[in-house]
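Below are the chains, spelled out letter by letter.
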Number of protein chains: 2
Amino acid sequence: MRVALMEAARRLVADVGFPNLRIAELAEAAGVSVGTFYLYFEGKADLFVQLVLDDTVRLRKRLQEAVEGGGTVLERLARRFDAYTDFVLENENGFRYFRDSDAVDTNKGRLSAWALDQHAADLRPLLEEGMETGELRVMDAELLAQAIVALLQHFVDVWMADSDNRSLEQIRSFSDQLIAFGILPVPGTRGAGGEAAH
Amino acid sequence: MRVALMEAARRLVADVGFPNLRIAELAEAAGVSVGTFYLYFEGKADLFVQLVLDDTVRLRKRLQEAVEGGGTVLERLARRFDAYTDFVLENENGFRYFRDSDAVDTNKGRLSAWALDQHAADLRPLLEEGMETGELRVMDAELLAQAIVALLQHFVDVWMADSDNRSLEQIRSFSDQLIAFGILPVPGTRGAGGEAAH
C-alpha cells in the first residue's frame, strides 16, 4: 500500500507539482481509499517528508551505482556527477518544491543538511582513493567531500532560479572545470605563471 | 532609539545568545521602556530579522572596504575572505542562531538566499577584473561569484558543526587552496600530469 501510494505520489508530483497534489486524487491513482492514505501518512506534509527521505535513499543508490564498474577516479567522479544531474532532471518538480520549502524540519534535523552529510560521507572514499593514486591533490578528504557536495547542490539551486538562461549542462560543465582546476590560470594553458593564492 | 536597541541587542546576542535574550532586559540595556521596543519591532522574531538585515549591510560594507586600497586581485580577494571570517568570529553567536533557524522567511524571501545573492553581486566585479588582467582563468563570472560565496558560507556551516575539531583558520586555508587550484594535482608541484577532468 505504502509503495503504491509513494509511486503514485511521485508520478503526480512530477506531473502537477507537490502543491497541486490532492490526497483524494492520490488515493484514487494508487487504488486505495483516502482513509488508507491516513494509515500510512499523517497528512500531506508528512507525505512530502517521506518522499524526500525515500528520494534521498534512491539518489544515494544511484550515485553509488554510478561509481561501480571501474575506471579512473576522475571517470568515476564524472559518472557520479552525471548521475546526480540526471536525477535532478528526472525529479525536477520535487527538487523545486524541496528548494522552495528548504527548511523541512524532521527528527533528523533539517532534511537538506542531513542529505548533504550523507552524500558527503558517500563521496569521501572515492576522493581518498584519488589522493592515494595521485589523481587528486592530497587535501582534507572530509572537507573536500563537503565542499563538492555543497557546491553541486548550490549549482542546482542556481539553475532552478535561472533555468531560462542557463541549462543544467552549462552549469555542470562550469562546475566540473572549477572543481578540477580552481580559479587560477592553469600553468601552460595560457602562459600564466600559476602564482600562489597568498 | 532603534539604533540603541539594535546595539544593545547585538551585545546581548554576543553575550548570552539570541534564544536567551529577554525583551525586558534588552529594553533596560538600551535605556528605553518595553513599550518603546514594541514601537520599533513587532516582537522578538522581527528583531532577529532586523538584526540579520542590518548585519548583512554591515558585512557588505566591511567586505567592500577590504578590497579597497589596491593590491593584486588575489591580494584583494584574500583580504575580502579575511574580512568575512573576521566578521563571522566577531558575530559568532548571531551566525550560530541564524544557521540553526536557516529559513528565516521575510518579504525578501529566504534571508540566507537573499544575502548570498547580494554578496555574489558584490564579489563579481573583482573576479571580472582578475579575468581581464589574467590573474584568474576566464570563466562565467556570475557563476563563479555564486560558487565562491556559497562555498565560503558552507565552510562556515561546517566549522560551526565541528568547531571543536577544526579552527576556522584551518578551514579557511583549505578553502583558499581549493578555490585557487581545484582538486587536480598542480602540474609541476608533485610531478603530476595535470590530466583533464574528462
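Residues numbered from 1 in each chain as written. Chains lettered and ligands numbered in written order. Predicted model: local features only at pLDDT ≥ 70, side-chain atom pairs only at ≥ 80, totals over all residues. Heavy atoms only, no water.

As a further point, take the overall build of chain A. Looking only at helices and strands, chain A features nine helices and two strands. Taken from the N to the C terminus, the helices and strands of chain A come in the order α-α-α-α-α-α-β-β-α-α-α. Counting across all 198 residues of chain A, residues that qualify as buried make up 52%. Considering only contacts in chain A between residues 6 or more positions apart, those separated by 24 or more positions represent 60%. Carbon and sulfur atoms make up 49% of the accessible area of chain A, which totals about 9,200 Å². (Helix = DSSP H or I, 4+ residues; strand = E, 2+ residues; numbered from the N terminus. Buried < 20%, exposed > 50% of the residue type's maximum accessible area, 1.4 Å probe, protein only. Contact = heavy atoms within 4.5 Å. Areas by Shrake-Rupley, 256 points an atom, 1.4 Å probe, with all protein chains shown as cover.)

This part covers the packing of aromatic side chains. Under the counting rule described, the total for this entry stands at eight aromatic pairs over all chains. Ring geometry for Phe155 of chain A and Phe174 of chain A: centres 5.7 Å apart, planes at 80°, overall edge-to-face. Here Phe155 of chain A, found in helix 8 (residues 141–161), pairs with Phe174 of chain A, found in helix 9 (residues 168–181); they are 19 residues apart in sequence, far enough to count as distant. We note that Phe155 of chain A, like Phe174 of chain A, is buried. With 5.0 Å between their ring centres and 55° between their planes, Phe18 of chain B and Phe48 of chain B make a pair best called tilted. In this pair, Phe18 of chain B sits in the loop between helix 1 (2–16) and helix 2 (23–30) while Phe48 of chain B sits in helix 4 (residues 44–66), placing the two residues 30 residues apart along the sequence. On the accessibility criterion, Phe18 of chain B (3% relative accessible area) is buried. Phe48 of chain B sits in the buried class, given a relative accessible area of 7%. (Phe/Tyr/Trp six-rings, centres within 6.5 Å; stacked < 30°, edge-to-face > 60°.)

Bringing the relation of the copies chain B and chain A into the picture now. Taken as rigid bodies, chain B and chain A are interconverted by a rotation of 180° and an axial shift of 0.0 Å, the fit giving an RMSD of 0.0 Å. When the rotation and shift are considered jointly, the pair of chain copies conforms to a two-fold rotation axis. Identified as the residue of chain B closest to the rotation axis by C-alpha distance is Gly182 of chain B, at 1.9 Å. Mapped onto chain A, 100% of the interface residues of chain B again fall at the interface, so both copies present the same surface. (Least-squares fit on C-alpha atoms with pLDDT ≥ 70 in both.)

Attention now moves to the interface of chain B and chain A. Counting residues at the interface gives 44 residues for chain B, matched by 44 residues for chain A. Here chain B meets chain A over a buried area of about 4,400 Å², counting both sides, of which 67% is carbon and sulfur. Among the residues of chain B in contact with chain A, Arg137, Leu143 and Ile183 of chain B are the three that bury the most area, contributing 18% of the side total. Seen at the junction of chain B and chain A, the total is four salt bridges. A salt bridge links Arg166 of chain B to Asp140 of chain A; the nearest nitrogen and oxygen atoms lie 3.0 Å apart. Counting every contact that joins chain B to chain A gives 18 residue pairs in polar contact (both at pLDDT 80 or more). (Buried area = accessible area lost by both parts, 1.4 Å probe. Salt bridge = Lys/Arg side-chain N within 4 Å of Asp/Glu carboxyl O. Polar contact = N/O pair within 3.5 Å; in protein donor to acceptor, adjacent residues only side chain to side chain.)

Right, let's talk about the pattern of salt bridges for a bit. Residue and element names in this part refer to chain A. Overall, the coordinates contain 28 salt bridges over all chains when judged by the stated rule. Of the charged contacts, one joins Glu129 and Arg76 as a salt bridge, the two residues approaching to 2.7 Å between their closest N and O atoms. Within this pair, whereas Glu129 is found in helix 7 (residues 111–133), its partner Arg76 is found in helix 5 (residues 73–90), the two being separated by 53 residues in sequence. With relative accessibility at 31%, the residue Glu129 sits in the partly exposed group. Residues joined in a network through salt bridges with shared partners are Arg2, Arg10, Asp54, Asp55 and Arg58.

A separate point is the nonpolar core. Counting residues in each nonpolar core, the largest one holds 92 residues, and the members touching the most others are Leu127, Leu144 and Leu178 of chain A together with Leu127, Leu144 and Leu178 of chain B. Filtering out sequence-adjacent residues up to four positions away, Leu144 of chain A remains in contact with Leu127, Met131 and Met139 of chain A together with Phe174, Leu178 and Ile183 of chain B. (Core = buried A, V, L, I, M, F, W, Y, C linked by side-chain atoms within 4.5 Å.)

Residues and elements named next belong to chain B. As for its position among the elements, Arg172 is in helix 9 (residues 168–181). A relative accessible area of 5% means that Arg172 is categorised as buried. Taking C-alpha positions, Arg172 is 8.9 Å from Val156, a pair spaced 16 residues apart along the chain.

Turning our eyes to something else, we now look at a nonpolar patch on the surface. Residues and elements named next belong to chain A. A cluster of nonpolar side chains, Met1, Leu39 and Tyr40, forms an exposed patch at the surface whose accessible area comes to about 360 Å². Examined against the element boundaries, Met1 turns out to sit in the segment before helix 1 (2–16). A relative accessible area of 55% places Met1 in the exposed class. (Patch = residues over 30% accessible without salt bridge, like charges linked within 9 Å, V, L, I, M, F, W, Y side chains within 5 Å.)

Right, let's talk about the packing of helix 9 of chain A against helix 8 (residues 141–161) of chain B for a bit. Where helix 9 of chain A contacts helix 8 of chain B, the axes come no closer than 11 Å and their chain directions differ by 60°. Taken together, the axis directions place helix 9 of chain A and helix 8 of chain B in an arrangement best described as oblique. Of the two elements, helix 9 of chain A crosses helix 8 of chain B, and the hand of that crossing is right-handed. Residue-level contacts link Ile171, Phe174 and Leu178 of chain A of helix 9 of chain A to Leu143, Leu144 and Ala147 of chain B of helix 8 of chain B. Residue classes in the contact of helix 9 of chain A with helix 8 of chain B are distributed as six nonpolar, no polar and no charged. (Axes fitted to C-alpha atoms, helices over the stretch in contact; angles between N-to-C directions. Parallel < 35°, antiparallel > 145°, perpendicular 65-115°, else oblique. Left-handed = near helix turned anticlockwise from the far one by under 90°. Nonpolar A, V, L, I, M, F, W, Y, C, P; charged D, E, K, R; others polar.)

By themselves, these figures tell us nothing about what the structure is for.
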